[in-house]
Amino acid sequence: MYVDDYPPHPIAFGRVYEGSTTIHNIPLGNDQVRVDVEEVRDADARIPVSTQEVQLVGQTLNTFLAWATHLV
């Protein structure tokens, strides 16, 4: 998984759940996919779709969250 940065670099690795339409009963946007972060590469990077609870990659380990499709 990447963030909008130059040059692009991977900040996390995980699993994409194709076909999912919600996360915690909140609908995904048309340009979002559901992911599960399994390995953090840059704990201080800001995630593309933050929530009140999660803003940095270091907070995402083993958590389902929305991620911008073009950054997966």
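Residues numbered from 1 in each chain as written. Predicted model: local features only at pLDDT ≥ 70, side-chain atom pairs only at ≥ 80, totals over all residues. Heavy atoms only, no water.

Asker: Could you clarify how one ought to interpret the sheet that holds strand S1 (residues 12–17) in this entry?
Answerer: Read from one edge of the open sheet, three strands run S1-S4-S5, paired in antiparallel fashion. Either end of the sheet is taken by a strand with one partner, and the two such strands are S1 and strand S5 (64–68). Ignoring strand direction, the axes of neighbouring strands in this sheet form an average angle of 50°. As paired strands, S1 and strand S4 (residues 32–40) are joined by six bridges and run antiparallel to one another. In the sheet register, Arg-15 faces S4, and the bridge partner there is Asp-36. (Pairing = 2+ DSSP bridges. Helix = DSSP H or I, 4+ residues; strand = E, 2+ residues; numbered from the N terminus. Axes fitted to C-alpha atoms, helices over the stretch in contact; angles between N-to-C directions.)

Asker: What's the story with the pairing of S4 in this structure? I'm lost.
Answerer: Residues in a regular strand project their side chains so that they alternate between the two faces of the sheet. By the bridge criterion, five bridges tie S4 to S5 in an arrangement that is antiparallel. The residue of S5 that forms the bridge with Val-33 is Trp-67.

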